[in-house]
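Breakdown of the fold
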Amino acid sequence: MTSVGLHHVTAISGPARRNLGFYTETLGLRLIKKTVNFDDPGTYHLYYGDEGGQPGTILTFFPWNHVAPGKPGSGETQETAFRVPRAAISFWLERLVAAGAPHEAPVARFGETVLAFKDPDGLSLALVGVDGIEDEPAFAAGGVPAAHAIRGFHGISLLLRDIEATAGILRDVFGFTQEGQENGRTRFRVAERLGGVVDLQADENAPSGRMGGGSVHHVAFRAADDAVQAAMVRKLSQSHGIRTTEQLDRCYFRSVYFREPGGVLFEIATDIPGFAVDEPLASLGEALKLPSFLERDRARIEKVLPVLA
Ligand code: ZN
């Protein structure tokens, strides 16, 4: 069975400039793609990730100037977590204090140190201090030294009324294994270093969440290529009675979407062709990139998009 982790997480934010400042300066991520929402081209789609834009490091946003805040609840991603070396947690605590970012005191979770915080739109994030990752490739950006830098996703936590059917899909379609339980969380993991953790939290009385600013819109799992993705689609249909959308070309990956039984929107995104398909790796994120079907509207699109800098 193919074991895969997260490809990207996509969330909804308020004004684009504030979002860009927080993720590139405060968190030291790289803006790896500046494009538009292909389904709503008057809105940016901003991608942040590591230096090379590897799957498993990518958090993306649809920034809307006037967005009502979302309401957390069941059927939603409750927390999106990044990996940092455990010794970097005190650096990050100071940095979040200096940035005025709401945060909690670090706590232990499954033997790791978790520093929970929120972005300017109230999106729930965490830095997870992990042992033994100090020597993984990292880059300095936004005043964050490489030694302390974020090293991709740790994983996500989903809040569900019932976790069984979702757990079945994680195991059967995406190759996760159940690793343990702690404080109402059931942890699933794949061997993949980046984005290899999904925690499911069950609360049968939790009210449904409402999508808005500071909400995760969907989470995408990796498939190496179209054939692997097609096999996952078949398995979803044959073993779980779930139909996905048709495959959509997202320029940097090809995607299918489905609503998992707990209510969270899942995507399966191919690793190919990747973010260097339409601009060199060295200048990722600098120019506004549009898919060919929107290129003829570039002047109109550039006029309605807010100024970023
Ligand atoms: Zn997506």
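In the block above lies the structure referred to throughout.
What counts as what
Residues numbered from 1 in each chain as written. Predicted model: local features only at pLDDT ≥ 70, side-chain atom pairs only at ≥ 80, totals over all residues. Heavy atoms only, no water. Core = buried A, V, L, I, M, F, W, Y, C linked by side-chain atoms within 4.5 Å. Buried < 20%, exposed > 50% of the residue type's maximum accessible area, 1.4 Å probe, protein only. 1 Å grid on protein atoms, 1.4 Å probe; cavity = no way out; pocket = protein on both sides within 12 Å on 5 of 7 lines; lining within 4 Å. Points joined across faces, edges and corners; volume = space filled by probe spheres on them. Helix = DSSP H or I, 4+ residues; strand = E, 2+ residues; numbered from the N terminus. Nonpolar A, V, L, I, M, F, W, Y, C, P; charged D, E, K, R; others polar. Pairing = 2+ DSSP bridges. Contact = heavy atoms within 4.5 Å. Expected span 1.5 Å × (residues − 1). Polar contact = N/O pair within 3.5 Å; in protein donor to acceptor, adjacent residues only side chain to side chain.

As a further point, take the nonpolar core. Counting 66 residues, the largest nonpolar core has Tyr23, Leu27, Leu127 and Phe174 as its most contacted members. By size, the runner-up hydrophobic cluster in this structure holds 9 residues, among which are Ile32, Ala220, Phe253 and Leu284.

Here we come to the layout of surface pockets. Where empty space is left can be seen by rolling a probe of water-molecule size over the atoms. Approximately 460 Å³ is the volume found for the largest pocket. Around the largest pocket sit 31 residues that line it, and Gln78, Glu79, Lys118, Ser124 and Leu125 are the ones nearest its centre. Of all the secondary-structure elements, those providing two or more residues to the lining of the largest pocket are β5 (76-85), β6 (107-109), β7 (112-118) and β8 (124-130). The element that contributes the greatest number of residues to the lining of the largest pocket is β5, accounting for 5 residues. Looking at the lining of the largest pocket residue by residue, the class counts come to 11 nonpolar, 12 polar and 8 charged. The computed volume of the second largest pocket comes to approximately 240 Å³.

This part covers the sheet that holds strand β4 (residues 58-63). One open sheet accounts for 8 strands, arranged β2-β3-β4-β1-β13-β16-β15-β14; its pairing is mixed. Where the open sheet ends on each side, the last strands, each with one partner, are β2 (30-37) and β14 (248-249). Relative to strand β16 (residues 265-270), strand β13 (residues 216-223) runs parallel, the two sharing 5 bridges. Within β16, the position partnered with Arg222 by the bridge is Ala269.

By the element assignment, Asn19 lies in helix α1 (residues 16-26). Residues contacting Asn19, with those up to four places away along its chain left out, are Ser13, Leu46, Tyr48 and Phe61.

Over its 15 residues, helix α4 (residues 226-240) runs 20 Å from end to end, which matches the ideal 21 Å to within 8%, given 1.5 Å per residue. Each element contacted by the buried residues of α4 is listed here: α3 (164-172), β13, β15 (254-259) and β16. Residue Asp225 occupies the N-cap position of α4, its side-chain oxygen lying 3.2 Å from the main-chain nitrogen of Ala227. Gly241 sits one or two positions beyond α4 and adopts a positive phi of about 65°.

From the geometry alone we can't say anything about function, so treat these as descriptive.
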